[in-house]
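Residue-level structure breakdown
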Amino acid sequence: MGTTSAERFDIVIAGGGLVGPALALALAGPGFRVAVIDRESAERRAEPEFDGRAYAIALGSSRLLTALGVWPEVEGRAEPIRAITVDDGLPSGTPLLHFDPAETDEGRVGWILEDRWLRGALLDAMAAAGIAQFAPVEIAEVSYDSTRATVRLGDGTLLDASLMVAADGRRSAVAEAAGIRRLRWAYGQTGLVNAISHTLPHNGVAHQSFFPGGPFAVLPLQGEGSSNRSSLVWSERTAEADRLMALDDSTFTAEIAARIGGRLGAIALAGRRWSYPLDLTLAERYIAPRLALAGDAAHGIHPIAGQGLNIGLRDVAALAEVLVGAARIGEDIGSEIVLARYQRWRRFDATALALGMDALNRLFSNRNPALRVARDAGLKAVSRVGPLRRAFMREAAGVAGEVPLLLRGQAL
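Below: a short report on this structure.

Cut-offs and rules
- Residues numbered from 1 in each chain as written.
- Predicted model: local features only at pLDDT ≥ 70, side-chain atom pairs only at ≥ 80, totals over all residues.
- Heavy atoms only, no water.
- Helix = DSSP H or I, 4+ residues; strand = E, 2+ residues; numbered from the N terminus.
- Rg over C-alpha atoms; globule rule 2.2 N^0.38 Å.
- Buried < 20%, exposed > 50% of the residue type's maximum accessible area, 1.4 Å probe, protein only.
- Contact = heavy atoms within 4.5 Å.
- Areas by Shrake-Rupley, 256 points an atom, 1.4 Å probe, with all protein chains shown as cover.
- Lys, Arg positive; Asp, Glu negative; His and termini not counted.
- Charge placed at Lys NZ, Arg CZ, Asp CG, Glu CD.
- Pairing = 2+ DSSP bridges.
- 1 Å grid on protein atoms, 1.4 Å probe; cavity = no way out; pocket = protein on both sides within 12 Å on 5 of 7 lines; lining within 4 Å.
- Points joined across faces, edges and corners; volume = space filled by probe spheres on them.
- Nonpolar A, V, L, I, M, F, W, Y, C, P; charged D, E, K, R; others polar.
- Axes fitted to C-alpha atoms, helices over the stretch in contact; angles between N-to-C directions.
- Parallel < 35°, antiparallel > 145°, perpendicular 65-115°, else oblique.
- Left-handed = near helix turned anticlockwise from the far one by under 90°.

For the protein chain, the count of helices and strands is 12 helices and 20 strands. The globule rule puts the C-alpha radius of gyration for 412 residues at 22 Å, and the 21 Å found for the protein chain is close to it. Projecting the C-alpha coordinates of the protein chain onto the three principal axes gives extents of approximately 70 × 45 × 40 Å. Every one of the 412 residues in the protein chain was classed for burial, and the buried ones make up 54%. Long-range contacts, defined as pairs at least 24 residues apart, comprise 73% of the intrachain contacts of the protein chain with a sequence gap of at least 6. For the protein chain, the exposed surface amounts to about 17,100 Å²; the carbon and sulfur share of it is 53%. In the protein chain, the 44 positive side-chain charges and the 47 negative ones have mean positions that sit 4 Å from each other.

Printed below as a string of structure tokens:
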């Protein structure tokens, strides 16, 4: 592939979802020339109903978004998590585990924020920063040599960079083309996502129930007008999920009410319903010559604890810190020695978390009565032991372990 007419960048990022734009902003601030390639148009991504999910934004992630200038634009739309409760889906609904963020040194764990607000703020920030965006367009080919990565787009445009970053999802075409193999297995579950309104306030409590078909999370959202609102993230066996998605709205709402009980009062659907197949996918390595993987391209995990976006933003913070540090001392940012630092930093942590979420899903998504007794006893023990509770909350807040500068709210 010739590069005579290629437009030159320091870094080209494949993927315009959330991780790709966040990484572009983190790199553009210190002065890198960055391009983002997206198969979707900015107008399509900006549509309110492009994606119905809501995310748990950990405290560390909010600090990164603050450093990128994005959090001030969305904080007013984010609902603080004031407590977290967990039960085993029995009719009693008695919590087995209760987390109070006020117990931690930071005083909070995070927020719940709808995709539509975060996505729009990232798109606006990229436009304001003058980051080059190529969309909607597919990547036709990427080639690598000892010094550069060259990208040919479907419309014939050529881009040239010191480093290519794949942030194009858990079925990353860029990673696959580079020969990076992945471990993948399907859960036989589908994630159902929708928002509800309800007559009683949620009081900022995130509630998770474990049913045999999978976890059922009710996440507090900012209200609209006088209405109380929550987001449902509901994992079910695929056959049952298909049955539920085929129901009319009234019957579907009754199914939701049966699982929630009466704690939110009368409920109603607030918008359309979405469904997503659930699987686990882990790249065998996060780097290749002139290539780094980030977000779901590196690790696609179960949504059981709402950590998928947060570990993607940890990738952003770690990769940006490695690249900025390398550039400051005159190193080649796409060299194997530089990229290896990123892989050492992130691969073990992300893989351990992914496998931990997998184990939790398998532990709780079953009907084994003996296992139920043992796991319930374990959860109650954690709930009674203060240091364990606080350790879990610090992990969920993204402030435990070796935390990159951006996740501490510090500039690069």
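Looking now at the sheet that holds strand β3 (residues 54-58). Spatial strand order, β3-β7-β4: 3 strands in an open sheet with antiparallel pairing. Each edge of the open sheet carries a strand with a single partner, namely β3 and β4 (79-80). Across 5 bridges, the pairing between β3 and strand β7 (residues 110-114) is antiparallel. If you follow Tyr55 over to β7, its bridge partner there is Leu113.

With an omega dihedral of -10 degrees, the bond running from Ala135 to Pro136 counts as a cis peptide bond. Turning to its location among the elements, Pro136 is positioned in the loop between β8 (132-134) and β9 (139-144). If you check the backbone angles, Asn203 has positive phi at about 55 degrees while not being a glycine. Tracing the backbone through its elements, the reader meets Asn203 in the loop between β12 (182-198) and β13 (205-211). A positive phi angle, close to 65 degrees, is found at Arg290, a residue other than glycine. By the secondary structure assignment, Arg290 is in the loop between β18 (287-288) and β19 (291-293). The class for Arg290 is buried, based on a relative accessible area of 4%.

With respect to the helices, strands and loops of the structure, Glu79 is situated in strand β4. Here Glu79 falls in the buried class, since its relative accessible area comes to 8%.

On to empty space enclosed by the protein, then. A complete count under the given rule lists 1 cavity of 30 Å³ or more for this structure. One number sums up the size of the largest cavity: a volume of about 50 Å³. Tallied by class, residues from the lining of the largest cavity come to 5 nonpolar, 3 polar and 2 charged.

The next thing to look at is the packing of helix α1 (residues 19-28) against helix α9 (residues 308-328). To describe two helices that pack against each other, one gives the angle between their axes and the distance between the axes. For the pair α1 and α9, the least separation of the axes is 9 Å and the interaxial angle reads 25 degrees. In terms of their interaxial angle, α1 and α9 are classed as roughly parallel. Along this stretch, α1 crosses α9, giving a crossing that reads as right-handed. For the pair α1 and α9, contact is made by Val19, Ala22, Leu23, Ala26 and Leu27 and by Leu309, Gly312, Leu313, Val316, Leu319, Ala320 and Leu323, respectively. Of the residues assigned to the contact of α1 with α9, the class counts are 11 nonpolar, 1 polar and no charged.

Turning to helix α3 (residues 59-67), its buried residues are Leu59, Gly60, Ser61, Ser62, Leu64 and Leu65. Positive backbone phi, at 80 degrees, marks Gly69, one or two positions downstream of α3.

Rolled over the atoms, a probe as big as a water molecule pinpoints where empty space is left. The volume enclosed by the second largest pocket comes to roughly 240 Å³. If you trace the second largest pocket, you find 18 residues lining it, with Glu114, Arg116, Arg229, Ala270 and Trp274 closest to the centre. Elements represented by at least two residues in the lining of the second largest pocket include exactly α5 (115-129), β12, β14 (214-224) and β15 (227-237). Class assignment of the residues belonging to the lining of the second largest pocket gives a composition of 5 nonpolar, 4 polar and 9 charged.

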